[in-house]
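So you can see what is in the structure, the chains are spelled out below.
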Amino acid sequence: MALGVCGLGLGLMSGCGGGSADTPQVTPPAPVVKLAGLDAQLLTGNKARLVINPGTDTTSYCVRTDANTPTAGDSCFVSQTTQEVATTGSATQATSVRLWAKTSAGVVSLHKALSLPGKTCSAEAYAASTASSLPTACLITDSGELVMALENTQAPGTVKNFLRYVNEGFYNGTHVHRVSSNFVVQGGGFVFNGTNYVKKSPTYASIALEPVATTGLSNTQYTVAMARSTALDSASTEFFINLVNNTSLNTTNGGYAVFGRVIFGQTTTLATMAKVVVKSSTILAGENSQPVTPLALQWAYQIQ
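Below, the structure is looked at part by part. (Residues numbered from 1 in each chain as written. Predicted model: local features only at pLDDT ≥ 70, side-chain atom pairs only at ≥ 80, totals over all residues. Heavy atoms only, no water.)

**Some words on the pattern of salt bridges**
Scanning the model with the defined rule gives five salt bridges in all. Between Arg 64 and Asp 66 there is a salt bridge whose closest N-O contact spans 2.9 Å. Assessed through its relative accessible area of 16%, Arg 64 is described here as buried. The partner of Arg 178 in a salt bridge is Glu 287, with the nearest N and O atoms 2.2 Å apart. (Salt bridge = Lys/Arg side-chain N within 4 Å of Asp/Glu carboxyl O. Buried < 20%, exposed > 50% of the residue type's maximum accessible area, 1.4 Å probe, protein only.)

**Comments concerning the nonpolar core**
Ranked by size, the top nonpolar core spans 40 residues in total, and within it Leu 139, Met 148, Leu 150, Phe 162, Tyr 171, Phe 239 and Phe 259 carry the most contacts. In terms of residue count, helix 2 (residues 156-167) provides more of this core than any other element does, five residues in total. Counting 23 residues, the second largest nonpolar core, distinct from the first, contains Ala 40, Leu 50, Ala 101 and Val 147. (Core = buried A, V, L, I, M, F, W, Y, C linked by side-chain atoms within 4.5 Å. Helix = DSSP H or I, 4+ residues; strand = E, 2+ residues; numbered from the N terminus.)

**Observations concerning helix 2**
Working note: α-helix, 3.6 residues per turn, so residues spaced by three or four point in the same direction. Here helix 2 is twelve residues long and its end C-alpha atoms lie 16 Å apart, about the 16 Å a rise of 1.5 Å per residue gives. Of the residues making up helix 2, those classed as buried are Thr 158, Val 159, Asn 161, Phe 162, Leu 163, Tyr 165 and Val 166. As for helix 2, its buried residues are in contact with strand 8 (136-141), strand 9 (144-150), strand 15 (223-226), strand 16 (239-242), strand 17 (258-264) and strand 20 (295-302). At the exit of helix 2 stands Gly 169, carrying a positive phi of roughly 80°. (Expected span 1.5 Å × (residues − 1). Contact = heavy atoms within 4.5 Å.)

**Describing the side chain of Gln 290**
Relative to the helices and strands, Gln 290 resides in strand 19 (residues 288-291). Residue Gln 290 is classed as buried on the basis of its relative accessible area of 3%. A polar side-chain atom of Gln 290 sits 2.9 Å from the main-chain amide nitrogen of Thr 282. The residues contacting Gln 290, other than those within four sequence positions of it, are His 177, Tyr 197, Val 277, Val 278, Lys 279, Ser 280, Ser 281, Thr 282 and Ile 283. (Polar contact = N/O pair within 3.5 Å; in protein donor to acceptor, adjacent residues only side chain to side chain.)

**Examining the environment of Gly 254**
In this fold, Gly 254 is placed in the loop between strand 16 and strand 17. With 22 residues separating them along the chain, Gly 254 and Leu 232 place their C-alpha atoms 6.7 Å apart. Discounting residues that sit within four places of it in the chain, Gly 254 has contacts with Leu 209, Arg 228 and Leu 232.

**What about the state of the cysteines?**
One pass over the full model with this rule turns up two disulfides. What pairs with Cys 62 in a disulfide is Cys 76, and their sulfur atoms sit 2.0 Å apart. Because the sign of the S-S torsion sets the handedness, a value of about -110° for the bond joining Cys 62 and Cys 76 places this disulfide among the left-handed ones. In this pair, Cys 62 is assigned in strand 4 (residues 58-64) and Cys 76 in the loop between strand 4 and strand 5 (82-86), connecting sequence segments 14 residues apart. Assessed through its relative accessible area of 0%, Cys 62 is described here as buried. Paired through a disulfide, Cys 121 and Cys 138 show a sulfur-sulfur distance of 1.9 Å. Handedness of the Cys 121-Cys 138 disulfide follows from its S-S torsion of about -100°: it is left-handed. (Disulfide = S-S within 2.5 Å.)

**Considerations on the sheet that holds strand 6 (residues 95-103)**
The strand order across the open sheet built from three strands is 4-6-7, with neighbouring strands paired in antiparallel fashion. Two strands lie at the open edges of the sheet, namely strand 4 and strand 7 (108-116), each paired on one side alone. Sheet twist, expressed as the mean angle between neighbouring strand axes with direction ignored, is 20°. Sheet analysis places strand 6 next to strand 7, joined by eight bridges and oriented antiparallel. Within strand 7, the residue paired with Trp 100 across the bridge is Leu 110. (Pairing = 2+ DSSP bridges. Axes fitted to C-alpha atoms, helices over the stretch in contact; angles between N-to-C directions.)

The following block contains the structure:
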């Protein structure tokens, strides 16, 4: 099958240029945001749990989601190091959180500031994650939710790379730039700026290919794999989801590294994505695979 990327017929390359209201109880997720002195956990029901690591001579903390600076006598200061906050509940609007610390001398200072997804994944998505023994990530897209189970034992280097981009918020606000209904959905490397798709530069070096022959993970339907350039060890941020069995990609051009599988949203979110109207691609020469209406990956975060 000639896949016609940039006119070279090279398949799952990155983009040209070298990279292309009641909820059941579920197990609390692993931290999605890790900062010195603060971890933030996303919970179902559009809530976040802040786990504060006490600072030296810090007696109390104030958590605010507004722009106001607290005074030493403000009632928001409490000694608890685990606190919950409500997020905006919006799929597109982030929740800005600021954590203020107060010392025994009554000195108030900004301890940490962070931005959390305004909307968390559903209880059903969390339940799918809980049923898996693997690390999982939830993606909130314009088409719905996806949960990926990540093969950290069989493809450790690829999973590590993907999760660091997830947990550092790299994928938030990126766009799916390729949809081929009988092939793949591909994204993770471009942002639509209202006029054009612009490459988002990776923040880490490319990773070594973990080939199917080594991992035993095949490019079958609903698996997730890394896109790359013609160089074997060039994958960075772009990934694709196999909409059908694409086992030829196990060996084509040296093969494409599978590192996970979609375990929630296969017949809903992915099915919706596969039906989007597409046009001639401005990124992948010779392909009719670019969504006419930009398709955003609003948030991506690790559940467990």
